Amino acid sequence: MGVFSMSLHHKLLLGWTRRLNKSISRVGSQFACHHVSATLLRPEDSSINSVARRQRRVSNTSVVQHKRVASDGWQKHDRSVQSKAWKNEIPVLQRPYQRKGEDSRVSSELRRLSLDDFPAEKEKMAGQRSTVDSRAERYEVVFGISPCLLALTQGRRQARKLFVKDGEASHRASVIQVCEEAHGRGVQVQRVSKKDLDKMSWGRVHQGVCLQASPLGYLTEDRDPAPNRGDTPLWLVLERIQDPMNLGAILRSAYFLGVDRVLTSLRHSCPLSPVVSKASSGIMEVIGVYGYENLEDLLRSKAAQGWQVVGTVGAGAEETRTPVTQCSDFQMTRPTVLLMGGEGDGLSPQLLSLCRTLLTIPAGRQLFPGIESLNVSVATGILLHSLLSSRRTTR
């Protein structure tokens, strides 16, 4: 009798175990279906969310019951399968927090496979990217009130769009003037945040305006008119000026003091960038700068035409065969080319050998070793003022 009872209990237990396994597999498939559908529906639908919660409770209860009859290894396997299914579906499907009408976030791998299936669409997207990139490369961002205003009024650049800081700053008279100039020339004006302007100007002082325009380059042709009123011409030649702040300051001094032309070496020199324009307070938009691959040929040509080629040296420079004269004692009686060397090394030996006179700025005190020279932009301003003052006294 006991043996028969144990056999009956064993059969009943086996039957219940099979039914329980079927219910678990059925609930698991329902849970998977719910997971796929719930991520595609709006989170605001409370009825769907309540159904989801009930199904999750059923699945949790089933798992708890199953733990009593299944081994630990099967539990771990079931959990890993469910977690992998969850992770694999989320990046492809719509997120639970995504509102209706928003674009779904698709994984990069799926997007790449989709484009491989549609080569025409792939070529179209590649063409759009190349068009945008090439369009962006044709423009740069000029920043600051004076650079933007002069870039618009001078017309040497092709202006595309003016960005203005949104808020009270846009009501300043200087900003309004720039906006009116842009509007009168058909340039689109767009209000943006200060953070956007900071990014456009690389964190520099933009004064609330940035202008997207075509870049400026060095002039290679003789476009400037001849000097007026018979003045003795003075040309400024720069060699290897690499700091854009120095170049901008030199251009500003040269324009203010009345230099007839500015020339520079193309090699080892900084370009005419928006930073140079800002440092020159927009003078770079007005004055043309000529670039030369070989300054030696130009200087020889000018010397053959009767021009005097004048170089510069520091106060503590070594003795040379070329005579050194203080700038206050020099008289500019004929057309002159003034040479200024770059930061650190000054003029190259090749250009120094072409100079007939070397000018120096006398110091006002006993100098400590290592600081015998001035900043190149400061020295240029002093020398230009001295030479042009002597030109005025000889007219």
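Structural notes, computed from the coordinates. What you see is a predicted model; the values in this text were computed from it and never measured. (Residues numbered from 1 in each chain as written. Predicted model: local features only at pLDDT ≥ 70, side-chain atom pairs only at ≥ 80, totals over all residues. Heavy atoms only, no water.)

### Thoughts on the pairing of strand 2 (residues 159–165)
By the bridge criterion, five bridges tie strand 2 to strand 4 (residues 209–213) in an arrangement that is antiparallel. The residue of strand 4 that forms the bridge with Phe-163 is Cys-210. Bridge count for strand 2 against strand 3 (residues 188–192) is five bridges, and the pairing is parallel. Within the sheet, the bridge partner assigned to Val-164 lies in strand 3 and is Arg-191. (Pairing = 2+ DSSP bridges. Helix = DSSP H or I, 4+ residues; strand = E, 2+ residues; numbered from the N terminus.)

### A short note on the sheet that holds strand 7 (residues 289–292)
Spatial ordering of the open sheet is given by 7-6-5-10-8-11-9, a layout of seven strands whose pairing is parallel. Every other strand in the sheet has two partners, leaving strand 7 and strand 9 (324–326) as the edge strands with one partner each. The sheet shows a mean angle of 30° between the axes of neighbouring strands, taken without regard to direction. Relative to strand 6 (residues 261–265), strand 5 (residues 234–238) runs parallel, the two being bridged by four bridges. What sits directly across from Leu-238, in strand 6, is Thr-264. (Axes fitted to C-alpha atoms, helices over the stretch in contact; angles between N-to-C directions.)

### So, the sheet that holds strand 3
Pairing within the open sheet is mixed, and its four strands lie in the order 1-4-2-3. The strands lining the two open edges of the sheet, one partner per strand, are strand 1 (140–143) and strand 3. The sheet shows a mean angle of 25° between the axes of neighbouring strands, direction not considered. Sitting on the sheet, helix 6 (residues 145–154) touches strand 1, strand 2 and strand 4, and the angle it makes with strand 4 is about 40°. Its contacts with the sheet place helix 7 (residues 173–184) against strand 2, strand 3 and strand 4, and it is angled at close to 155° to strand 2. (Contact = heavy atoms within 4.5 Å.)

### Comments concerning the packing of aromatic side chains
Geometry of an aromatic ring pair is reported as the spacing of the ring centres plus the angle between the planes. Scanning the model with the defined rule gives two aromatic pairs in all. Considering the side-chain rings of Phe-143 and Trp-202, the 6.1 Å spacing of their centres and the 75° angle between planes classify their relative orientation as edge-to-face. Taken together, the residues Phe-143 in strand 1 and Trp-202 in the loop between helix 8 (194–200) and strand 4 connect sequence positions 59 residues apart. Accessibility expressed as a relative area gives 1% for Phe-143, which makes it buried. On the basis of relative accessible area, Trp-202 is assigned to the exposed category, the value being 53%. A cation sits over an aromatic face here: Lys-302 above Trp-307, 4.6 Å from the ring centre. (Phe/Tyr/Trp six-rings, centres within 6.5 Å; stacked < 30°, edge-to-face > 60°. Buried < 20%, exposed > 50% of the residue type's maximum accessible area, 1.4 Å probe, protein only. Lys NZ or Arg CZ within 6 Å of the ring centre and 35° of its normal.)

### What to know about the environment of Leu-388
With respect to the helices and strands, Leu-388 occurs in helix 13 (residues 376–393). On the basis of relative accessible area, Leu-388 is assigned to the buried category, the value being 1%. Sequence separation between Leu-388 and Leu-234 is 154 residues; the distance between their C-alpha atoms is 8.0 Å.

### Regarding helix 11 (residues 295–304)
Every buried residue belonging to helix 11 is among Leu-295, Leu-298, Leu-299 and Lys-302, and all of these are buried. All buried residues of helix 11 project into a common sector of 95° when viewed along the axis, lining one side. Elements in contact with the buried residues of helix 11: strand 5, strand 6, strand 7, strand 8 (308–312), strand 10 (336–340) and helix 12 (349–352). Measuring from the side-chain oxygen of the N-cap residue of helix 11 to the backbone nitrogen of Glu-296 gives 3.0 Å; that N-cap residue is Asn-294. Gly-306 sits one or two positions beyond helix 11 and adopts a positive phi of about 100°. (Arc of directions from axis to C-beta. Polar contact = N/O pair within 3.5 Å; in protein donor to acceptor, adjacent residues only side chain to side chain.)

### Here we look at the packing of helix 6 against helix 7
In the contact formed by helix 6 and helix 7, the axes pass within 10 Å of each other and the chain directions differ by 25°. One finds that helix 6 runs roughly parallel with respect to helix 7. In this structure, helix 6 meets helix 7 at a crossing whose hand is left-handed. Where helix 6 approaches helix 7, its residues Ile-145, Cys-148, Leu-149, Leu-152 and Thr-153 are matched on the opposing element by Ser-174, Val-175, Gln-177, Val-178, Glu-181 and Ala-182. Partitioned by chemical class, the residues of the contact of helix 6 with helix 7 number seven nonpolar, three polar and one charged. (Parallel < 35°, antiparallel > 145°, perpendicular 65-115°, else oblique. Left-handed = near helix turned anticlockwise from the far one by under 90°. Nonpolar A, V, L, I, M, F, W, Y, C, P; charged D, E, K, R; others polar.)

### Section: the nonpolar core
Core analysis: the biggest nonpolar cluster contains 33 residues, and Leu-236, Leu-238, Leu-247, Val-262, Leu-338, Met-340 and Leu-384 have the highest contact counts within it. Per-element tally for this core: the top contributor is helix 13, with six residues. If sequence neighbours within four positions are ignored, Leu-236 has contacts with Ile-250, Ala-254, Val-259, Arg-261, Val-262, Leu-263, Leu-338, Met-340, Thr-380 and Leu-384. In terms of nonpolar packing, the next biggest core, distinct from the first, is built from 17 residues, Tyr-290, Leu-299, Leu-339 and Cys-355 among them. (Core = buried A, V, L, I, M, F, W, Y, C linked by side-chain atoms within 4.5 Å.)

All we've got here are geometric facts, nothing functional implied.
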